[in-house]
Amino acid sequence: MRSMLSLSIVSMGSFCSRQQPLNEVDAEENIQAAEIDRRIAQETKAEQHIHKLLLLGAGESGKSTIFKQIRLLFQTGFDEVELKSYASVIHANVYQTIKILYDGAKELAQNDPSSSKYVVCTENKDIGEKLSEIGSKMDYPYLTKEIAKEITTLWNDPAIQETYSHGNKLQVPDCAQYFMENLERFSEATYVPTKEDVLHARVRTTGVVEIQFSPVGESRKSGEVYRLYDVGGQRNERRKWIHLFEGVTSVIFCAAISEYDQLLFEDETKNRMMETKELFEWVLKQSCFEKSSFMLFLNKFDIFEKKIQKVPLNVCEWFKDYQPVGSGRQEVEHAYEFVKKKYEELYFQNSKPDRVDRAFKIYRTTVLDQKLIKKTFKLVDETLRRRNLIEAGLL
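Remember, predicted model here, so these are calculated numbers, not experimental data.

Asker: Explain the packing of helix 4 (residues 80–111) against helix 5 (residues 122–135) to me, using residue names and the numbers behind them.
Answerer: Taken N-terminus to C-terminus, the directions of helix 4 and helix 5 make an angle of 125°; their axes are 8 Å apart at the nearest point. When the axis of helix 4 is compared with that of helix 5, the two are oblique. Two packed elements cross with a definite hand, and for helix 4 against helix 5 that hand is left-handed. Where helix 4 abuts helix 5, its residues Tyr95, Ile98, Lys99, Tyr102, Asp103 and Lys106 lie against Lys125, Gly128, Glu129, Leu131, Ser132, Ile134 and Gly135. Among the residues forming the contact of helix 4 with helix 5, the class breakdown is five nonpolar, three polar and five charged.

As structure tokens, then:
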């Protein structure tokens, strides 16, 4: 568009020159137009060296935490102003979490009237009602020492602890324990969130956010440069993905393997793992990804390895043919390999014969483990650079 504008200006200048000498204003406009064209050409050339990564996955899969890890690992991270801005988010997360637990205890008590294990102690009910009311508001108050003490009291109530142990039936966030263990620090008048706090903070992604980085440094000579796009994972956000699909070097698909016994936030009749399976199938079938590499992050392994000791994998319909082999580390590895194989089969079942040569890698990830995420992205970088060399006929 700007090139056409430049041509128009030049043409107008040529026409005017037949009528009168080119004045200084016209000359300046021609110089500016030429400079605009030069910059556009320069930016277009630079863009050719930037690889586009699309981070996809269902809600609560850990995508946004990966995005924050990239900022901390390969960019300058969060400055003090940004860190301070997360204080209100952390406080909101705390109120939301304790509300979910208290309301959940009442719901479980109603569903099982013969059991008293979900009934909050009489002396704690007023606290519970007060905190539940606060958690229902859109504007949360600052977390004070007094409120933090009340939250701690309610958190330690046997009924709330019993409810927490059945968090898969509710929408209890994975980071609930972290929030409760750090209440005293969160309620300090001078509280500034740490990087770890920011990683645990839960803010639902809406729309599209992007970040540019290099896993091996800022210099383009030392490694590839990537532009990573993160999009909302909830169903109502997925319609915003479509315009990002063209020209994608690689799709990074995030699947939370610990969610095999949980239900969707937006549809409590749907198993989260089944939703992720169907979403992965749909993404694989998109024609715009015919030449895109696929990097599958089997995420939240830290939660998975604890849960698998208590909750059998075959509670999920997709894994109904799973047969445990024992307990301990052996069972954890056996269950993980079973899930991994299921995703491998799904990938090849939904990849046409002419697409099977596109790069496909699976990584075991724990998004809160910074060292592991750093190592994983360096492996992703190596895979994609090798892929580029093969396509260029240099390997």
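Asker: Give a description of the pattern of salt bridges that names residues and reports values.
Answerer: Applying the stated criterion to the full structure yields 23 salt bridges. Between aspartate 381 and arginine 385 there is a salt bridge, with the nearest N and O atoms lying 3.1 Å from each other. Note that aspartate 381 and arginine 385 are positioned in helix 14 (residues 370–391) at a spacing of four residues, about one turn of the helix. Through salt bridges with shared partners, one network takes in Asp174, Glu259, Arg272 and Lys300.

Asker: Can you tell me about the environment of valine 192, naming the residues and giving the values?
Answerer: Along the chain, valine 192 falls in the loop between helix 9 (183–186) and helix 10 (195–200). Among the residues examined, valine 192 registers a relative accessible area of 29% and is labelled partly exposed. Linking valine 192 and glutamate 80, residues 112 residues apart in sequence, is a C-alpha distance of 8.1 Å. Those residues in contact with valine 192 that lie beyond four places of it in its chain are Leu83 and Lys84.

Asker: Could you give me a rundown of the side chain of histidine 91, with the residues and numbers involved?
Answerer: Mapped onto the elements of the fold, histidine 91 is located in helix 4. Looking at histidine 91, the relative accessible area reads 3%, which means it is buried. Reaching out from histidine 91, the side chain makes a polar contact with the backbone nitrogen of leucine 143 at a distance of 3.4 Å. Discounting chain neighbours no more than four positions away, the residues touching histidine 91 are Tyr142, Leu143, Phe186 and Tyr191.

The rules behind each value
Residues numbered from 1 in each chain as written. Predicted model: local features only at pLDDT ≥ 70, side-chain atom pairs only at ≥ 80, totals over all residues. Heavy atoms only, no water. Axes fitted to C-alpha atoms, helices over the stretch in contact; angles between N-to-C directions. Helix = DSSP H or I, 4+ residues; strand = E, 2+ residues; numbered from the N terminus. Parallel < 35°, antiparallel > 145°, perpendicular 65-115°, else oblique. Left-handed = near helix turned anticlockwise from the far one by under 90°. Contact = heavy atoms within 4.5 Å. Nonpolar A, V, L, I, M, F, W, Y, C, P; charged D, E, K, R; others polar. Salt bridge = Lys/Arg side-chain N within 4 Å of Asp/Glu carboxyl O. Buried < 20%, exposed > 50% of the residue type's maximum accessible area, 1.4 Å probe, protein only. Polar contact = N/O pair within 3.5 Å; in protein donor to acceptor, adjacent residues only side chain to side chain.

Geometric descriptors of this kind do not, in isolation, establish any biological role.
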